[in-house]
Amino acid sequence: MLLELNKYLIKLYKKTCKYRRTKIEGNVDKTFWGKYLIRFISITLSLLILFYLPKGFPDSFIEHISGILSILVGLFITALIFSFDKFYSKKKDLQQYNDKLNDTLDFNFTKIFTNITSYTIVLSIFCIVIVSLYILFNEWFNLDFGKSQLSLTNIDYNYTLQLLIVCIIRLLIIYTLINIIYNTIFIVVTMNDYMNKKLDKE
């Protein structure tokens, strides 16, 4: 069961990476920057925020982000449930060019919407789990690495391991939040583009 879940998650991740580069007409951006620009920006921003907040996240931020993510998961799941029947149903014997174009737009948008929305739900749940652990072990994660003094001659392995784990967890939270925000904006913008193109064809 776990292996199947991992297989589905990897498949979902690959499809999401593809559809974030896909326009609703079906064109895929296969350039280097098209593939890696968002990842580069996300990692860079995550590192900058990590070093800008050496004391970690304020308690109020953690509480707010947990609530917001829970609401987002509920909204996205609801949207996902009603999306397929609303956005796309296979049409037969399409003769007119506009009908074929509309069917292509419907099909591509449904693929983009369902895959990116599903992946965003998974990211949100993952982030909720990490944030929950952060809250549960708040004292352990409440480490100011700006005041950390590591010595190469006298290494405190326990402290070094704690520092490494705290940095990784904070980095994961920031990186995941950036991707959730990007995916949400991408879905909204793509939906707007889809609706406008549909209206223009009427």
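Since this is a predicted model, take the numbers as computed values, not measurements. (Residues numbered from 1 in each chain as written. Predicted model: local features only at pLDDT ≥ 70, side-chain atom pairs only at ≥ 80, totals over all residues. Heavy atoms only, no water.)

Caption draft 1: Local environment of the overall build of the protein. For the protein, the count of helices and strands is six helices and zero strands. The order of helices and strands in the protein, counted from the N terminus, is α-α-α-α-α-α. Put simply, the protein has 202 residues, and 33% of those count as buried. A total accessible area of about 13500 Å² is found for the protein, and carbon and sulfur atoms account for 66% of it. (Helix = DSSP H or I, 4+ residues; strand = E, 2+ residues; numbered from the N terminus. Buried < 20%, exposed > 50% of the residue type's maximum accessible area, 1.4 Å probe, protein only. Areas by Shrake-Rupley, 256 points an atom, 1.4 Å probe, with all protein chains shown as cover.)

Caption draft 2: Inspection of a positive patch on the surface at higher detail. Taken together, Lys11, Lys15, Lys18, Lys30 and Lys35 make up a surface patch of like positive charges. Sorting elements by how many residues they give to the positive patch places helix H1 (residues 2-19) first, with three residues. Structurally, lysine 35 can be placed in helix H2 (residues 32-52). (Patch = residues over 30% accessible without salt bridge, like charges linked within 9 Å, V, L, I, M, F, W, Y side chains within 5 Å. Salt bridge = Lys/Arg side-chain N within 4 Å of Asp/Glu carboxyl O. Lys, Arg positive; Asp, Glu negative; His and termini not counted. Charge placed at Lys NZ, Arg CZ, Asp CG, Glu CD.)

Caption draft 3: A nonpolar patch on the surface, seen in detail. On the surface, a cluster of nonpolar side chains totalling about 1100 Å² of accessible area is made up of Ile125, Phe126, Val129, Leu133, Leu136, Phe137, Trp140, Leu161, Leu164, Ile165, Ile168 and Leu172. Positionally, leucine 133 belongs in helix H4 (residues 97-136). Residue classification places leucine 133 among the partly exposed positions, given a relative accessible area of 41%.

Caption draft 4: Examining the pattern of salt bridges more closely. Within the structure shown, the criterion is met by one salt bridge. The shortest N-O distance in the salt bridge between lysine 7 and glutamate 4 comes to 3.4 Å. Here the residue lysine 7 and the residue glutamate 4 both occupy positions in helix H1, the gap between them amounting to three residues, near one helical turn. Judged by relative accessible area, which is 34%, glutamate 4 ranks as partly exposed.

Caption draft 5: H2, seen in detail. Taking 1.5 Å as the rise per residue, H2 with 21 residues should run 30 Å; its terminal C-alpha atoms sit 29 Å apart, in good agreement. Taken together, the buried positions of H2 are occupied by Ser42, Ser46 and Leu50. (Expected span 1.5 Å × (residues − 1).)

Caption draft 6: Seen up close, the environment of isoleucine 130. Note on placement: isoleucine 130 falls in helix H4. Residues isoleucine 130 and isoleucine 169, 39 residues apart in the sequence, show an inter-C-alpha distance of 7.3 Å. Excluding residues within four positions of it along the chain, isoleucine 130 makes contact with Ile169, Leu172 and Ile173. (Contact = heavy atoms within 4.5 Å.)

Caption draft 7: Focus on the packing of aromatic side chains. Taken as a whole, this structure holds eight aromatic pairs when the rule is applied. Between phenylalanine 32 and tyrosine 36 the ring centres are 5.0 Å apart and the planes differ by 50°, which places this aromatic pair in the tilted class. Linking phenylalanine 32 with tyrosine 36, this pair stays in helix H2, spanning four residues, or about one helical turn. Residue class for phenylalanine 32 comes out exposed when judged on its relative accessible area of 53%. Among the aromatic side chains, those forming a connected cluster through ring pairs are Phe32, Trp33 and Tyr36. (Phe/Tyr/Trp six-rings, centres within 6.5 Å; stacked < 30°, edge-to-face > 60°.)

Caption draft 8: Just the nonpolar core, in detail. Judged by nonpolar contacts, the single largest core of 38 residues is most densely connected at Cys127, Tyr134 and Ile173. When residues of this core are traced back to their parent elements, those giving at least two are H1, helix H3 (59-87), H4 and helix H6 (157-201). Other than its neighbours up to four places away in sequence, isoleucine 173 contacts Phe57, Cys127, Ile130, Val131 and Tyr134. (Core = buried A, V, L, I, M, F, W, Y, C linked by side-chain atoms within 4.5 Å.)

Caption draft 9: Region of the structure containing the confidence of the model for the protein. This prediction gives the protein a mean pLDDT of 81; 83% of its residues lie at or above 70. Across the protein, H2 holds the top mean pLDDT of 89, while H3 sits lowest at 78. (pLDDT = per-residue confidence, 0-100.)

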